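# Inside the fold
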Amino acid sequence: MPPSSRERLLDAAVDLLQRQGYHGTGLNELLERSGAPRGSLYHYFPGGKEQIGAEAIARAGDQVAAAVGHLLRAKPSVAEAVEALAGLLAAGLEASEFERGCPVATTALEVTPRSEPIRAAVQASFESWLAPLRERLQDTGFGRDEAGRRADLTIAALEGALVLARARQNADVLREAGRQLRPFLQPPED
């Protein structure tokens, strides 16, 4: 079954946010990219650009959360999961020829002070990545607060490396961030 107009609009919004950010994305371009009928935009998103932006951020956040969760389950250690995540992000950046960054971070920097729905979607997205990371760190022996600090720093380092890699047009910094985080994520010694 082909995706609905609503799904096509959300997919196009995620792609455009990754490529050019919230302010660089116009509704006409969104309609053109999605192939959805003009009337479907306000039918599915009566809140307009702000609503579709918030829902696209939530969708992108869910996609990353699924990858984080999968890697944390599939890899024997948090360090290996984070290094694998850095590798996935680097490969995605390279495959897009450095055009597709993180739509959550890009939009956070552009819009969050001015839009509560988008700020809430950005915060929820980041939290959906942090929560399983914190939980797995706690399972390996870190206390609750320390697991939270390490999870925060891990996501901050990866997001910063993603921005730097995109600016440099070279994903090596992202892969290196994953490697450098390994000792930081090792379970505490008794």
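The sections below set out a description of the structure shown in this document. Nothing here was measured: the structure is a model prediction, and the numbers come from that model.

Attention now moves to the packing of aromatic side chains. In this structure the tally under the stated criterion is 1 aromatic pair. Between Phe 126 and Trp 129, the ring centres sit 5.1 Å apart and the planes meet at 85°, which makes this aromatic pair edge-to-face. Of this pair, Phe 126 and Trp 129 both sit in helix 7 (residues 116-139), 3 residues apart, which is roughly one turn of the helix. The cationic tip of Lys 49 hangs over the ring face of Tyr 22; the distance from NZ or CZ to the ring centre is 4.5 Å. In this arrangement the basic side chain of Arg 150 is found over the ring face of Phe 184, its NZ or CZ atom lying 4.6 Å from the centre.

Our focus in this paragraph is helix 8 (residues 144-168). Three or four residues apart is the spacing at which side chains of an α-helix point the same way, because the helix has 3.6 residues per turn. Here helix 8 contains 25 residues, and its C-alpha end-to-end distance of 36 Å stays within 8% of the 36 Å for a straight helix at 1.5 Å per residue. Every buried residue of helix 8 is accounted for by Ala 147, Gly 148, Arg 150, Ala 151, Thr 154, Ile 155, Leu 158, Glu 159, Ala 161, Leu 162 and Ala 165. Buried residues in helix 8 make contact with helix 5 (78-95), helix 6 (103-111), helix 7, helix 9 (172-180) and helix 10 (182-185). Where helix 8 ends, the next residue or the one after it, Gln 169, has phi of about 60°, a positive value.

Before going further, it helps to examine the environment of Glu 110. Within the fold, Glu 110 resides in helix 6. Counting along the chain gives 61 residues from Glu 110 to Lys 49, while the straight-line C-alpha distance between them is 14 Å. Those residues in contact with Glu 110, other than ones at most four positions away along the chain, are Gly 21, Tyr 22, His 23 and Gly 24.

Direction vectors running N to C along helix 7 and helix 8 enclose 130°, while the axes themselves pass 8 Å from each other. Taken together, the axes of helix 7 and helix 8 lie oblique to each other. As helix 7 packs across helix 8, the resulting crossing turns out to be right-handed. Across from Phe 126, Trp 129, Leu 130, Leu 133, Arg 134, Leu 137 and Gln 138 in helix 7, the residues of helix 8 making contact are Arg 144, Ala 147, Gly 148, Arg 150, Ala 151, Asp 152, Thr 154, Ile 155 and Glu 159. Of the residues belonging to the contact of helix 7 with helix 8, the class tally is 8 nonpolar, 3 polar and 5 charged.

Glancing now at the pattern of salt bridges. Under the criterion given, the structure shown has 15 salt bridges. Glu 55 serves as the salt-bridge partner of Arg 6, at 2.4 Å between the closest nitrogen and oxygen. With Arg 6 in helix 1 (residues 5-20) and Glu 55 in helix 4 (residues 48-74), the pair connects residues that are 49 residues apart, well separated along the chain. The exposure class assigned to Glu 55 is partly exposed, which follows from its relative accessible area of 23%. One network of salt bridges, in which partners are shared, links Asp 15, Arg 19, Arg 33, Glu 99 and Arg 100.

What counts as what
Residues numbered from 1 in each chain as written. Predicted model: local features only at pLDDT ≥ 70, side-chain atom pairs only at ≥ 80, totals over all residues. Heavy atoms only, no water. Phe/Tyr/Trp six-rings, centres within 6.5 Å; stacked < 30°, edge-to-face > 60°. Helix = DSSP H or I, 4+ residues; strand = E, 2+ residues; numbered from the N terminus. Lys NZ or Arg CZ within 6 Å of the ring centre and 35° of its normal. Expected span 1.5 Å × (residues − 1). Buried < 20%, exposed > 50% of the residue type's maximum accessible area, 1.4 Å probe, protein only. Contact = heavy atoms within 4.5 Å. Axes fitted to C-alpha atoms, helices over the stretch in contact; angles between N-to-C directions. Parallel < 35°, antiparallel > 145°, perpendicular 65-115°, else oblique. Left-handed = near helix turned anticlockwise from the far one by under 90°. Nonpolar A, V, L, I, M, F, W, Y, C, P; charged D, E, K, R; others polar. Salt bridge = Lys/Arg side-chain N within 4 Å of Asp/Glu carboxyl O.

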